[in-house]
Structure formats: structure tokens, C-alpha cells
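One-letter residues, chain by chain:
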Number of protein chains: 2
Amino acid sequence: MQLNTPFTPPQRLLLGPGPSNAAPTVLEALGKPLLGHLDPVFVGMMEEIKAMLREVFQTKNEMTFPVSGTGSAGMEFCFVNLIEPGDEVLIGVNGVFGTRMCDVAERCGAVVHRVESPWGEIIHPEQIKTALKDIKPKLVAIVHAETSTGALTPLEEISRAVHEAGALFLVDTVTSLGGCPVKVDEWQIDAIYSGTQKCLSCPPGLAPVSLSPAALEIATSRKTKVQSWYLDVNFLAAYWGETRVYHHTAPISMNYALHESLRLILNEGLEARWKRHEANHQRLKAGLSELGLGIASQEGHQLWQLNAVTVPDGVSESEIREALLNDYSIEVGAGLGPLKGKVWRVGLMGESSQSEHVDRFLDAMKTLLKK
Amino acid sequence: MQLNTPFTPPQRLLLGPGPSNAAPTVLEALGKPLLGHLDPVFVGMMEEIKAMLREVFQTKNEMTFPVSGTGSAGMEFCFVNLIEPGDEVLIGVNGVFGTRMCDVAERCGAVVHRVESPWGEIIHPEQIKTALKDIKPKLVAIVHAETSTGALTPLEEISRAVHEAGALFLVDTVTSLGGCPVKVDEWQIDAIYSGTQKCLSCPPGLAPVSLSPAALEIATSRKTKVQSWYLDVNFLAAYWGETRVYHHTAPISMNYALHESLRLILNEGLEARWKRHEANHQRLKAGLSELGLGIASQEGHQLWQLNAVTVPDGVSESEIREALLNDYSIEVGAGLGPLKGKVWRVGLMGESSQSEHVDRFLDAMKTLLKK
């Protein structure tokens with residue numbers, strides 16, 4: 001195999017469940033000259049990434065940095081460091097990612113208890129409180145924004161119940177961070193992970209995480225070794241901390257991109273960014289309504305950044321989705337699990353959340369649904 | 001924290017243990033527009049990556065693809081998939097990375113037996129044969145090119161002994177792949193991993209791996225679940241295989257870069273590339289000799305792509321290394337473990353392996369050592 005020309009991707013409008021489009025300066029950052037991972041100039045940039053991530057997560061947690069893997073590696077990072085075999089955990093399951101957390105926790109040897117809601121609905125504080133009457137888990141894990149359904153579970157009341165029960169609170173914010181409020185310290189979240197390719201609008205490849213001092217204490221005073229060498233926070237704390245002990249080679253270019261995307265987010269301002277996501281969601285919802293389309297997730301708890309749009313009777317989900325991609329170069333996502341064939345997942349995340357993009361999508365849908 | 005301008009790294013000549021410099025078209029590839037990870041155009045490019053990786057690894061193994069993490073994630077991928085608790089493994093230890101393999105294997109529950117050589121020397125076939133008289137391990141693991149010392153362990157005779165003993169053969173080629181011969185099928189390697197940032201000259205962030213049918217059979221017929229969800233080949237085979245079942249979001253931009261770097265490698269030709277690495281190593285060695293400097297690793301088994309250059313008596317290793325970086329913008333690496341303060345690690349990997357680079361380094365050293 002010998003290819004004569006470089007790969008040239010087409011320009012897509014990315015309105016799926018991620019990746020979202022990246023800003024031009026983020027793509028430029030990726031192509032900048034490489035530095036060594038222990039170069040003082042790179043190390044200085046790592047410090048800026050940590051400081052900016054703390055602002056985006058709204059936390060003072062020292063242990064805040066990007067794991068060198070995608071969002072799922074961030075999930076695994078949290079569980080492998082906090083769980084030892086035999087530990088009990090309580091997990092809210094209302095979509096793909098809660099289900100995945102159970103699998104990851106079980107692979108760490110956890111005894112997993114589930115609290116379940118139908119796909120599209122949220123996990124209610126009462127469900128957690130009821131479960132906590134019978135068990136005393138080491139941690140409770142919740143998916144803030146379920147990417148598979150578009151439901152946003154409110155966290156504050158759940159967090160209070162979790163801490164009253166003496167447990168740690170672990171939260172998946174892969175899709176929420178940067179698109180709607182996420183307040184780690186105020187909401188007393190002990191372990192949190194996200195991905196770069198959603199509302200941070202940086203290409204996929206890194207998983208921002210943050211551990212509270214309580215979580216870090218548990219991770220660094222375990223009886224057993226962390227089962228993953230690659231994700232062991234005892235090493236990563238030294239690598240991303242002051243001593244800079246070599247662990248693995250950080251993905252240099254991806255960190256350039258994350259640095260630039262965080263810079264853009266803080267220059268826009270978190271509040272302004274959240275308002276933009278809300279406004280474009282409302283614009284989409286109004287336009288969908290004119291087309292006779294609804295949103296499948298629970299009213300009052302619908303995500304701004306990911307919309308599970310119901311497929312009307314007699315319409316082929318996949319035909320419309322493929323026509324959007326092939327004829328309009330617009331990507332939207334398919335439904336997963338019980339929502340397969342029943343919804344399109346329309347993401348308005350980060351750079352992709354623009355009024356022009358909403359209109360372009362709605363115009364295309366109007367034409368396609370008429371056919 | 002609000003930064004007014006994007007991060008701008010200086011231009012470095014990267015002659016350390018990796019990352020090496022990337023070709024201009026590889027850096028350009030990183031900045032190309034994002035695609036969704038299930039976009040047919042991206043999926044087509046994934047197929048080209050797999051086909052090109054097979055050529056670079058010299059294998060027909062179907063299960064050949066880049067793990068979404070750095071080289072150490074590739075190491076972990078091999079061990080977590082092949083090892084179940086209680087399995088015996090035999091590991092050659094002659095530097096940092098053999099030591100790391102022991103740690104990773106133990107975290108998988110393996111009973112680890114070590115065969116050790118002094119740092120800078122190779123693992124001899126006789127050592128492995130002797131060890132295999134007493135134990136019957138499930139797998140034997142060897143570091144082909146020890147990045148911490150610059151020693152290249154020949155694999156063919158070891159491989160024969162391993163297979164005669166009925167074990168799988170696992171090899172670390174993080175530093176060797178793309179810089180000197182690596183022949184997976186001819187040498188009967190069952191599990192192999194590498195990193196992108198060495199002789200492939202792609203930024204760090206992906207770990208090319210390949211599993212033989214025998215290794216894949218073991219990984220897919222385990223009694224216990226793979227302890228890492230993120231690295232479970234049972235999922236990854238479906239994601240990178242024909243069914244394209246969603247697992248995690250592949251790092252899009254990093255895969256663009258890997259595609260381009262593999263394209264450049266195959267257009268140069270593997271044989272020509274190996275010869276270039278050999279010639280520049282010889283040029284370096286001759287120049288070092290004129291400066292009264294030697295190479296610390298075992299004569300006859302010195303890596304072309306990574307040279308552990310001995311620090312003369314009375315010279316400060318760190319002062320010279322820092323002056324190279326600050327005054328000449330040339331990065332070289334420090335020694336690790338027992339070689340700390342005693343060697344500079346001078347990499348001539350991929351794009352960094354050029355005669356002009358060798359001369360630029362030698363000229364700088366000549367000036368600095370005179371001071």
C-alpha cells in the first residue's frame with residue numbers, strides 16, 4: 001500500500017453527539033511545532049492548562065488535569081483510583097453512560113447497586129435517598145448529562161444526600177462541561193471527568209478530570225495497587241505536580257489544542273457560553289416544533305447541548321441522517337439502545353452551537369421531510 | 001485567568017528519547033477539519049491506517065490498529081487482554097521499560113518471573129532458555145529497544161525458545177518500530193505495541209498494536225473480564241473491525257497525523273528508512289569519538305535511534321543538557337535510574353534522524369565541552 005496524496009477530509013457541520021467543530025485557532029494550535037514533554041516551556045503550558053481547567057470546573061482542587069485518553073479513559077481513571085475490590089458503589093442508570101459506569105466499576109471489583117430511570121428521564125434525588133437507606137456505599141456515581149438521551153440530572157440535592165451518607169460523589173460531565181453550569185466545589189463533587197470533544201470544542205483525545213482532597217486521600221492511601229498503571233493517580237500526581245517525575249509521554253499536540261480551547265472558553269466567559277447554548281437550544285426547539293418534531297427527553301430537564309429529536313411515524317431515521325451527511329454535509333447522531341431508530345441526536349456543542357447552524361439544520365430537515 | 005494570546009512554542013530540534021520532530025505534512029494533517037468518528041470517510045481512513053500499520057509491522061494480523069493512548073497504554077493493552085489472575089509470565093528486565101512491564105503485569109494479577117541484565121546490556125537467548133527450564137509461563141515479554149539505555153535485544157532466537165516452551169511472545173517496540181527492522185510475522189511475535197512519537201515521527205498520543213490470531217484467541221476466550229473497559233480488545237475488535245460498534249470516540253486529529261506519518265514512511269520505504277537511521281547513528285558515533293565521547297550501551301547491540309552518550313569526568317550532565325536547550329534549542333534526554341547523571345540520551349528518530357541534525361548537535365557539543 002502506497003498512498004500518493006495525504007488524506008483530505010471534507011468540511012462537515014458536526015451536529016452529532018461529538019466531536020463538535022473546533023475553532024480555527026484550536027486546529028491551528030494542533031499543528032504547532034512539537035516540544036519535548038519535559039521541556040520547561042511545555043511544563044509552563046501544562047500549568048496554564050491546570051489553572052484554566054480549574055476555572056472551567058469551578059474548583060480549587062489541586063488534582064485537576066487532562067488524562068491522556070478519551071472521555072471513557074476519564075471514567076476509568078475515576079473508578080480505578082477510588083475503588084478497591086469489594087467496595088460498594090451506587091450508580092444512577094438512565095442511559096448508555098450509566099450502564100457503562102456499572103461495567104467499569106464491576107471490572108474494578110466493586111459491588112454495584114443500581115438506581116434506574118427510563119431512558120430520557122433523570123435520576124431523582126428521592127431514588128438515591130431511598131437506596132441510601134439500605135446500603136452504605138463508598139461512592140455514588142451519576143451521569144450529569146446523558147449523551148444517549150439528552151437528559152440533564154440536577155446534582156445539588158443528590159450531592160447533599162450522598163455526603164450525608166458519608167459517600168464520595170462521582171459525576172460524568174462529558175457532555176455538560178462548557179455547555180451548561182458545572183460547579184465542582186459548590187456542588188461538592190469529589191471526582192469528575194469530562195471529554196474534550198463536546199462543549200470544550202477541542203478534538204477528542206483528552207479527558208479533563210478533577211479529584212477533591214477527600215477523593216485524592218482515598219486514592220493515595222489504598223491497601224491495593226491501582227489496577228491500571230497508565231491511570232494510577234499516584235504517578236500522575238507526580239507527573240502533573242511539582243516534581244514532574246516522568247510517567248508517560250503526554251500527548252503534546254492535543255494539549256496545545258486543549259490549551260487554546262480553554263483560552264477561548266474563558267475569554268468568552270462561562271456565563272455567556274452557557275447562555276449561548278441555551279439560546280440555540282431554544283431556537284432549535286422552536287424550529288422543530290414548526291416542523292411538527294419534538295424532543296424525546298423529559299420536559300424541564302432537556303439538555304441544551306444534545307437534543308434527542310423524535311422521528312415521526314413513517315420516516316426512516318437512517319435515511320434522513322444519511323441524506324443530511326451526504327447531501328448537506330451535516331452530521332447528526334443515531335439513537336442508541338432503546339432509542340435506536342426512534343430519535344436523531346442533534347448536538348449543539350461548543351463551536352457547533354451557533355444560530356446559523358441551527359437554521360442550516362432546520363432548513364435541511366424541512367426539505368428532507370417534505371420528500 | 002484570562003490569556004490574551006495563544007500559546008506559541010519555540011522551534012526545537014528534538015534529539016531526545018521522544019517525541020521526535022514531525023514532518024510538516026504531519027503537523028498539517030493535525031489541523032485538518034474534524035470528522036465524526038463514525039463518518040464513513042473517517043472509517044475509510046481507519047482502514048487505510050490498519051493496512052499501512054500492517055506493512056510497517058510486517059504482519060498479516062487482522063487485529064492491528066492504534067490504541068487511543070500513548071505507548072504505555074499500548075503496553076497495558078497487551079497485558080490486560082492476555083493475562084488473567086494467577087498466570088505466570090517471564091519478563092526480560094534491562095532498563096526502565098522491562099521494569100515497567102513487571103509492574104503492569106503484577107497489576108493484572110500475574111505471577112512475574114524476571115530475567116535480568118545490567119542496564120545497557122541486552123537480554124541473551126541463553127538467559128531465557130535457562131529460565132524456561134524451570135517455569136512454564138503463559139507469555140514471555142521482551143523490550144526490543146530499551147529507550148532508557150540504547151540497547152537492542154535480538155528477538156529471533158528468543159522467539160524460537162518461547163514458542164518451543166508453548167508460550168506467547170510479547171514485544172515492546174516503542175522505540176524500534178520505523179527505525180530498524182521489526183518483523184512481526186517472520187519473528188513470530190504474538191503481541192506487540194509501539195508509540196507514535198519515536199521513529200514513526202507522529203506526535204505522542206496513539207499506541208499502534210498488533211495481536212496474532214493465537215493471542216487474539218486467548219484474549220477473546222478468557223474466563224474473566226478484561227480489567228480495563230477502555231482497553232478491552234473484545235470491544236476494540238468490534239470498533240476497529242467490520243461492525244463498527246461504538247466503543248469510545250477515537251482521537252480524530254491524532255489519527256489524521258498517524259495516517260500521514262505512515263504514508264510518509266511507506267513512501268520512503270522501510271529498508272531505506274532503516275539505512276538512514278543506521279547511517280546517521282554511524283555519523284554520530286564517529287563525531288562523538290572525535291570529541292572523546294563514547295556510547296554506554298553494549299557494543300554490537302547499540303540502537304541506531306537512541307544513543308546513550310557517556311558524560312566525561314568533571315562535566316555536569318545537566319549543565320550541558322540545559323545549555324543545549326537554552327542556547328541551541330536542541331533537546332536531548334537525561335539518563336534514568338542507574339544511568340542518571342552518567343549519560344545524555346541522544347535520539348535520532350524518524351524525521352530527527354538527518355545528517356544536518358547530527359552535525360548541528362556535534363558542533364554544539366564541541367563548543368560546550370570546550371568551555
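A quick note: this is a predicted structure, and the numbers were derived from the prediction, not measured.

### Considerations on the sheet that holds strand β14 (residues 343-347) of chain A
Residues and elements named next belong to chain A. Taken in spatial order, the three strands make up an open sheet running β11-β14-β13, and their pairing is antiparallel. The strands lining the two open edges of the sheet, one partner per strand, are β11 (306-310) and β13 (333-334). When β11 meets β14, the two strands line up antiparallel, connected through five bridges. The residue of β14 that forms the bridge with alanine 308 is arginine 345.

### A few points about the domain arrangement of chain A
Residues and elements named next belong to chain A. Once the domains are mapped, chain A shows domain 1 (13-17 + 270-370) and domain 2 (24-266). Distance between the C-alpha centres of domain 1 and domain 2: 27 Å. Across the contact, 23 residues belong to domain 1 and 22 residues belong to domain 2. Here the residues of the side of domain 1 that touches domain 2 sort into 12 nonpolar, nine polar and two charged.

### Section: the pairing of strand β2 (residues 63-67) of chain A
All names here are of chain A. Burial of β2 is extensive: five of the five residues sit out of reach of the surface. Where β2 meets strand β10 (residues 207-211), five bridges bridge the pair, whose relative direction is antiparallel. Residue pairing across strands places proline 66 opposite proline 208, the latter belonging to β10.

### Side note on the sheet that holds strand β14 (residues 343-347) of chain B
Residue and element names in this part refer to chain B. Strand order in the open sheet made by the three strands is β11-β14-β13, with antiparallel pairing throughout. Bordering the open sheet on either side are β11 (306-310) and β13 (333-334), each of which pairs with just one other strand. Sheet topology places β13 next to β14; two bridges connect them, and they run antiparallel. Bridge pairing in β14 links alanine 334 to tryptophan 344.

### Structural notes on the packing of helix α3 (residues 71-82) of chain B against helix α4 (residues 96-107) of chain B
All names here are of chain B. Between α3 and α4, whose axes approach to 9 Å, the crossing angle comes to 45°. The angle between α3 and α4 falls in the class oblique. Taken as a pair, α3 and α4 cross one another with a handedness that is right-handed. Mapping the contact onto sequence places Met75, Glu76 and Phe79 in α3 and Arg100, Met101, Val104 and Ala105 in α4. Residues belonging to the contact of α3 with α4 are distributed by class as follows: five nonpolar, no polar and two charged.

### Observations regarding the interface of chain A and chain B
Interface extent is often summarised as the accessible area lost during association of the parts. The partner chain B presents 66 residues to the 66 residues of chain A that form the contact. In terms of residue count, the dominant contributor to the side of chain A that touches chain B is helix α9 (residues 252-268) of chain A (nine residues). Classifying every residue of the side of chain A that touches chain B by side-chain character gives 31 nonpolar, 22 polar and 13 charged.

### Digging into helix α11 (residues 317-328) of chain A
Residues and elements named next belong to chain A. Taking 1.5 Å per residue as the helical rise, α11 with its 12 residues ought to reach 16 Å, and the 16 Å between its terminal C-alpha atoms agrees with that figure. Buried within α11 are the following residues: Glu317, Arg321, Leu324 and Leu325. Relative to the axis of α11, the buried residues are bounded by an arc of 90° and lie together on one face. Facing away from the buried side of α11, by more than 90 degrees, are the exposed residues Glu319, Glu322, Asn326 and Asp327. The elements touched by buried residues of α11 are β12 (330-331), β13, β14 and α12 (355-370). A positive phi of about 55° marks serine 329, the residue just after α11.

### Examining the relation of the copies chain A and chain B
Rotating chain A by 180° about the axis while translating it 0.0 Å along that axis superimposes it on chain B, leaving an RMSD of 0.0 Å. Put plainly, the chains are arranged around a two-fold axis. When the interface residues of chain A are mapped onto chain B, 100% of them again fall at the interface, so both copies present the same face.

### What to know about the environment of arginine 222 of chain A
All names here are of chain A. Looking at the element boundaries, arginine 222 is found in the loop between α7 (213-220) and α8 (233-240). By C-beta crowding, arginine 222 is classed as partly exposed, having 14 other C-beta atoms within 10 Å. A C-alpha to C-alpha distance of 18 Å links arginine 222 and valine 140, two positions 82 residues apart in sequence.

### Comments concerning the pairing of strand β5 (residues 139-143) of chain A
In the case of a regular strand, side chains alternate between the two sheet surfaces. Residues and elements named next belong to chain A. Burial analysis of β5 places five of its five residues in the buried class, which makes it a mostly covered element. Neither face of β5 is exposed, since Leu139, Ala141 and Val143 on one face and Val140 and Ile142 on the opposite face are all buried. Of the pairings in the sheet, the one linking strand β3 (residues 88-93) to β5 comprises three bridges and is parallel in character. By the bridge assignment for β5, isoleucine 91 is matched with alanine 141.

Rules used throughout
- Residues numbered from 1 in each chain as written.
- Chains lettered and ligands numbered in written order.
- Predicted model: local features only at pLDDT ≥ 70, side-chain atom pairs only at ≥ 80, totals over all residues.
- Pairing = 2+ DSSP bridges.
- Helix = DSSP H or I, 4+ residues; strand = E, 2+ residues; numbered from the N terminus.
- Domains from an automatic or database assignment.
- Contact = placed C-beta atoms within 7 Å.
- Nonpolar A, V, L, I, M, F, W, Y, C, P; charged D, E, K, R; others polar.
- Buried ≥ 20, exposed ≤ 12 C-beta atoms within 10 Å, placed from the backbone.
- Axes fitted to C-alpha atoms, helices over the stretch in contact; angles between N-to-C directions.
- Parallel < 35°, antiparallel > 145°, perpendicular 65-115°, else oblique.
- Left-handed = near helix turned anticlockwise from the far one by under 90°.
- Expected span 1.5 Å × (residues − 1).
- Arc of directions from axis to C-beta.
- Least-squares fit on C-alpha atoms with pLDDT ≥ 70 in both.

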